[in-house]
Amino acid sequence: MKKIIAIIFAILLISDIGSFFLGVQIGIRGTEIRIQEEQNKKVNYTGQQIQDAVNSYRKEKGLRELKVNSLLCSDLATRYLAFQTSEALTEGHPGFDTWAKSKFKEGFNLIGEVFSPRPTVQEVLNGWKNSPGHNEALIDPRYTEVCTYAGVDGVVLVLGEL
């Protein structure tokens, strides 16, 4: 019995030492810490900085710059707030279809939207570049119009074609 207890103690000690030296968190405790760290990160950019980064990326790809369109900006805070709801966890882009239909009535032929909760411009752009759907939206040559809204919990960028 003492041998079993000694083995269990040794395993626990080794895993704690490994966690300490390797910076690895094991199990639920590690997940909780990681989630809390993500929640504590607040963005440190403006919508303009994100838009500038997207336009630089488009320029690298040989695409034209997106221009701010007041029709896209008119209710963009509502789109941002949609990502702060519980529906965003299950629907992805809650209310987007209804919102996009209103933009079609204003003369748009194509509407797109990307969102990121990441805390830096580079992390936002890298996340979008590494996501096939988001990247496709950013470099779609049909888009000519844009509006961006950044809040403390992320950024939403909407794209349009007139």
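Residues numbered from 1 in each chain as written. Predicted model: local features only at pLDDT ≥ 70, side-chain atom pairs only at ≥ 80, totals over all residues. Heavy atoms only, no water.

### Some details on the side chain of N55
1) Next: Relative to the assigned elements, N55 resides in helix α3 (residues 47–60).
2) Next: Under the relative-accessibility criterion, N55 is labelled buried at 8%.
3) Next: Other than its neighbours up to four places away in sequence, N55 contacts E65 and L66. (Helix = DSSP H or I, 4+ residues; strand = E, 2+ residues; numbered from the N terminus. Buried < 20%, exposed > 50% of the residue type's maximum accessible area, 1.4 Å probe, protein only. Contact = heavy atoms within 4.5 Å.)

### Quick look at the sheet that holds strand β4 (residues 154–161)
1) Next: Strand order across the open sheet formed by four strands is β1-β3-β4-β2, with mixed pairing between neighbours. Here the strands that pair on one side only, and so sit at the sheet edges, are β1 (67–68) and β2 (110–116).
2) Next: Two strands pair when backbone bridges link them, and β2 and β4 are joined in this way by seven bridges, in the antiparallel orientation. In the sheet register, I111 faces β4, and the bridge partner there is G160.
3) Next: Packed on one face of the sheet, α3 meets β1, β3 (145–151) and β4 and runs near 135° to β3. (Pairing = 2+ DSSP bridges. Axes fitted to C-alpha atoms, helices over the stretch in contact; angles between N-to-C directions.)

### As for the packing of α3 against helix α8 (residues 121–129)
1) Next: Orientation of α3 relative to α8, taken along the N-to-C sense of each, is 45°, at an axis distance of 10 Å. With respect to α8, the element α3 is oriented oblique. Viewed along their axes, α3 and α8 form a crossing whose handedness is right-handed. Judged by residue contacts, Q49, I50, A53, V54 and Y57 of α3 engage V121, V124, L125, W128 and K129 from α8.
2) Next: Looking at the contact of α3 with α8, its residues break down into eight nonpolar, one polar and one charged. (Parallel < 35°, antiparallel > 145°, perpendicular 65-115°, else oblique. Left-handed = near helix turned anticlockwise from the far one by under 90°. Nonpolar A, V, L, I, M, F, W, Y, C, P; charged D, E, K, R; others polar.)

### Quick notes on the pattern of salt bridges
1) Next: Scanning the entire structure with this criterion turns up six salt bridges.
2) Next: Two residues, D75 and K103, come together in a salt bridge whose shortest N-O distance is 3.3 Å. In this pair, D75 is assigned in the loop between α4 (70–73) and α5 (76–82) and K103 in helix α7 (residues 96–105), connecting sequence segments 28 residues apart.
3) Next: Its relative accessible area of 26% is what places D75 among the partly exposed residues.
4) Next: R142 is the partner of D140 in a salt bridge, and the nearest nitrogen-oxygen pair spans 2.7 Å.
5) Next: Judged by relative accessible area, D140 falls into the buried class, the value being 11%.
6) Next: Looking at R142, the relative accessible area reads 46%, which means it is partly exposed.
7) Next: The structure contains a network of salt bridges with shared partners spanning D75, K103 and E106. (Salt bridge = Lys/Arg side-chain N within 4 Å of Asp/Glu carboxyl O.)

### Let's talk about α7
Every α-helix carries 3.6 residues per turn, so stepping three or four residues along brings you back to the same face.
1) Next: Along α7, the residues that are buried comprise F96, W99, A100 and K103. Summarising the axial view, the buried residues of α7 lie within an arc of 100°, below the 170-degree limit, and thus occupy one face. In this structure, α7 carries D97, T98, K101 and K105 as exposed residues pointing more than 90 degrees from its buried face.
2) Next: Those residues of α7 that are buried lie in contact with α4, α5, β2 and β4.
3) Next: The positive-phi residue at the C-terminal boundary of α7 is G107, with phi of around 110°. (Arc of directions from axis to C-beta.)

### Thoughts on α8
1) Next: Within α8, burial applies to V124, L125, G127 and W128. Axial view of α8: buried residues confined to an arc of 160°, hence all on one face.
2) Next: On its buried side, α8 packs onto α3, β2, α9 (132–138) and β4.

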